[in-house]
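Below, each chain spelled out in residue letters.
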Amino acid sequence: MALKCGIVGLPNVGKSTLFNSLTNAKAQAANFPFCTIEPNIGIITVPDDRLIALEKIVNPQRVVPTTVEIVDIAGLVKGASNNEGLGNKFLGNIRETDAIIHVLRCFEDENITHVDATVNPVRDKETIDTELQLKDLETIEGRIAKVQKIAQTGKDKNAQKSYEVMSRYKTALEQGLSARTVELKNEEETKIAKELFLLTNKPVLYVCNVDENSAAEGNVHVNAVKKAIEGENAELIVVAAATEADIAELESYEERLEFLEDLGLTESGLTKLIRSAYSLLNLETYFTAGEKEVRAWTYKKGMTAPQAAGVIHSDFERGFIRAEVIKYNDFIKFGSELAVKEAGKMAVEGKEYVVEDGDIMHFRFNV
């Protein structure tokens, strides 16, 4: 399942710089608003040391990691919901993503202008939140008008339920709250909510963009953001985007690691972002391993074996018979699939098995 994240924020907060560091792409990064006129799209490989270990043991013809699609969306400004700046077009781009990466400027630099003159990431966050909420309110008001009359007749139960859910969203949005604050009661309401494609219902990862000296410990701006998002059920990471862009230019893994160690960091911003995005979206990874290919697959935490098989192909889920499962640590310990089998460590699982992160799986199916 392909993961798609959209990078948003005010102009000049470091969105394109972050995008460049993540994808090694060269989106224009300039000291003025709207330098990203079309959304830049980059595909980044999900770093996973387990793939490297499996490759050494299996020696396959190829290794296929999972990927994340990153969309760099031009800077929003106050009034974007009313088409100020380049608002509506970019709000539409956000609608297509699974999660929002909200970049906040948490660094001081007199050479880089701020659209509101001063650095205040909490204010900036509220500006973007308001624009997304207003756009969602516009969406809800348009949808609710279509079902209200039908719902009030009492004859269409589906229309009644949709009207009830949308009314709760409307109330929250009118109060300046995001759609994600509305608690849904059951799967039926969750399905209705998904069909609305509300911007503020998307999971949010806040990226506090700091200067190099604040990369390890953060700063007062980061602390203010942490306090502001308490109770939001969001993820937050601290990244020095300009520094990450420099690291991305280094040729070897060893050089990058040495650069990070000099800054007091144990992992790159890319690794932090991917890990946080997976956590935010409840995603995990299982593997398939054979002579032709060692491959990582992304799946939703809690999926059963047939559902996880469906990530590869719908036929695998439809015709699922069983799954042969090896735990990653056992594979590494015994050094081959044959040795795992001889040790009695390969499990044969049925339709009720819940896949675990790191499982090495072989699916048997018939269609």
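In case you missed it, the structure is sitting above this.
Overview of the structure. None of the values given here were measured: they were computed from a predicted structure.

1. A few points about the overall build of the protein
Then, in step 1: The helix and strand tally for the protein stands at 14 helices and 12 strands.
Then, in step 2: Buried positions account for 48% of the 367 residues belonging to the protein.
Then, in step 3: Contacts spanning at least 24 positions in sequence make up 69% of the contacts within the protein whose residues lie at least 6 apart.
Then, in step 4: Here the protein displays about 18,600 Å² of accessible surface, and carbon together with sulfur accounts for 47% of that area.

2. Examining the sheet that holds strand S4 (residues 67-72)
Then, in step 1: The six strands lie next to each other as S2-S4-S1-S5-S6-S7, forming an open sheet whose pairing is mixed. A strand with exactly one partner marks an edge of an open sheet, and here the two such strands are strand S2 (40-45) and strand S7 (235-239). Neighbour-to-neighbour, the strand axes of the sheet open up by a mean angle of 25°, direction not taken into account.
Then, in step 2: Bridging between strand S6 (residues 204-209) and S7 involves five bridges; their strand directions are parallel. Within S7, the position partnered with Tyr206 by the bridge is Leu236.
Then, in step 3: Against the sheet, helix H7 (residues 220-228) engages strand S5 (99-105), S6 and S7, with an angle of about 175° to S7.
Then, in step 4: Contacts between helix H10 (residues 269-280) and the sheet are confined to strand S1 (3-8), S2, S4, S5, S6 and S7, with S7 contributing the most and set at about 175° to the helix.

3. Section: the nonpolar core
Then, in step 1: In terms of nonpolar packing, the biggest core is built from 50 residues, with Ile7, Leu18, Val68, Ile70, Ile101, Val207 and Leu273 touching the most fellow members.
Then, in step 2: Excluding residues within four positions of it along the chain, Leu18 makes contact with Ile7, Ile101, Val103, Val207, Val239, Ala241 and Leu273.
Then, in step 3: Ala309, Val311, Phe316 and Tyr353 belong to the second largest nonpolar core, which has 16 residues in total.

4. Topic: helix H6 (residues 187-196)
Then, in step 1: Considered for burial, the residues of H6 that qualify are Glu189, Ile192, Ala193 and Leu196. Buried residues of H6 fall within an arc of 100° about the axis and therefore sit on the same side. Residues of H6 that are exposed and angled more than 90 degrees away from the buried face: Glu187, Lys191 and Lys194.
Then, in step 2: Those residues of H6 that are buried are in contact with helix H4 (121-153) and helix H5 (157-174).
Then, in step 3: Looking at where H6 begins, the residue whose side-chain oxygen comes 3.2 Å from the main-chain nitrogen of Glu188 is Asn186.
Then, in step 4: Phe197 sits one or two residues past H6 and shows a positive phi near 50°.

Rules behind the numbers
Residues numbered from 1 in each chain as written. Predicted model: local features only at pLDDT ≥ 70, side-chain atom pairs only at ≥ 80, totals over all residues. Heavy atoms only, no water. Helix = DSSP H or I, 4+ residues; strand = E, 2+ residues; numbered from the N terminus. Buried < 20%, exposed > 50% of the residue type's maximum accessible area, 1.4 Å probe, protein only. Contact = heavy atoms within 4.5 Å. Areas by Shrake-Rupley, 256 points an atom, 1.4 Å probe, with all protein chains shown as cover. Pairing = 2+ DSSP bridges. Axes fitted to C-alpha atoms, helices over the stretch in contact; angles between N-to-C directions. Core = buried A, V, L, I, M, F, W, Y, C linked by side-chain atoms within 4.5 Å. Arc of directions from axis to C-beta. Polar contact = N/O pair within 3.5 Å; in protein donor to acceptor, adjacent residues only side chain to side chain.

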